[in-house]
Amino acid sequence: MESEEEPIAPKPPRRRRPRAPKVELEDFSVFEENVSSDLSDEADFLNEEVVEISNEPSESPLKVFFASSVTLILAVALVLFLLSQIVAIRQNADSLAWQSRNIVRQIETLTTARNNATGLVKQRQSMVDQSQQVTTSYNNLLNDLLKLAETDKDARSVIEKFAIKSSPQPAASKPEKK
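This structure is a prediction, so every number in the text was calculated from the model and none was measured.

**Let's talk about the overall build of the protein chain**
- When you go through the protein chain residue by residue, the secondary structure sums to 4 helices and 0 strands.
- Secondary structure of the protein chain in N-to-C order comes out as α-α-α-α.
- Within the protein chain, buried positions represent 3% of all 178 residues.

This is the structure in structure tokens:
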């Protein structure tokens, strides 16, 4: 109990074991005679023991069959599980490759569409400029007609017939892009 109270107790000193007495070669002759008879006795004993052990069945064949069957089923289940995981990984890789190809195609399509839209805007810009020129010329013509209607009866009849009215001048048009 002292060691439990004092966890750092000094170890007892080591005692030396006494050495066996030295035997001279002449003494071995006694052992050699006894060894052959001892070995034959031990061999007989081992043979008897083996006979006794072999007569006792340790496990029934049904238990051995059941254990090996369970082991085989577990091994097959593990192999099937690993194969299903490999197939799933391959399918995922194929799916990712397909998605990657589709993204590349979509990027190319969007780039082409952007370039086409930019080209169409440039083409339509000339039409927009032309429509602004036509609008400006019509506005100028109608303003001249309104001024002329103050002094001319024919111009006044045209204004009354088509209900042309003067509108305030629109804000300065957008600057042209070149």
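**Re unusual backbone geometry**
- You will see that A163, though not glycine, has its phi angle at about 50 degrees, which is positive.
- Inspection of the secondary structure assignment puts A163 in the segment after α4 (153-162).
- Note on A163: relative accessible area 55%, which makes it exposed.

**With respect to the confidence of the model for the protein chain**
- Per-residue pLDDT for the protein chain averages 79, and the proportion of residues at 70 or more is 67%.
- Element-level mean pLDDT values for the protein chain span from 53 in helix α1 (residues 2-5) up to 94 in helix α3 (residues 61-149).

**A look at α3**
- A rise of 1.5 Å per residue sets the reference length of α3, with its 89 residues, at 132 Å; its end C-alpha atoms lie 125 Å apart and thus fit the reference within 8%.
- Considering bend angle alone, the principal kink of α3 is centred on R124 and spans about 25 degrees.
- By the burial criterion, the buried members of α3 are N102, L145 and A149.
- Where α3 is buried, its residues contact α4.

**Considering the nonpolar core**
- L145, A149, A155, I159 and I164 together form the largest nonpolar core, which totals 5 residues.
- At the level of secondary structure, the elements contributing two or more residues to this core comprise α3 and α4.

Calculation notes
Going along each chain's sequence as written, the residues are numbered from 1 onward. The model is predicted, so local features are restricted to residues of pLDDT at least 70 and side-chain atom pairs to those at 80 or more, both for listing and for counting; the totals for chains, interfaces and linings are taken over all residues. Excluded from the side-chain calculation are hydrogens and water; included are all heavy atoms of the structure. The way it works is that DSSP assigns letters per residue, a run of H or I at least four long becomes a helix, a run of E at least two long becomes a strand, and they are numbered from the N terminus. Only protein chains enter the accessibility calculation, which uses a 1.4 Å probe. A residue is then buried if its area is under 20% of the maximum for its type, exposed if over 50%, and partly exposed in between. What pLDDT conveys is the predictor's confidence in a given residue, as a value from 0 to 100. What a helix is expected to span follows from its residue count: subtract one and scale by 1.5 Å. Bend is computed residue by residue as the angle between axes fitted to the seven residues ending at the residue and the seven residues starting at it. Here, residues are in contact when the closest pair of their heavy atoms is within 4.5 Å. Nonpolar core, defined: a set of buried Ala, Val, Leu, Ile, Met, Phe, Trp, Tyr and Cys residues in which side-chain atoms within 4.5 Å join the residues together.

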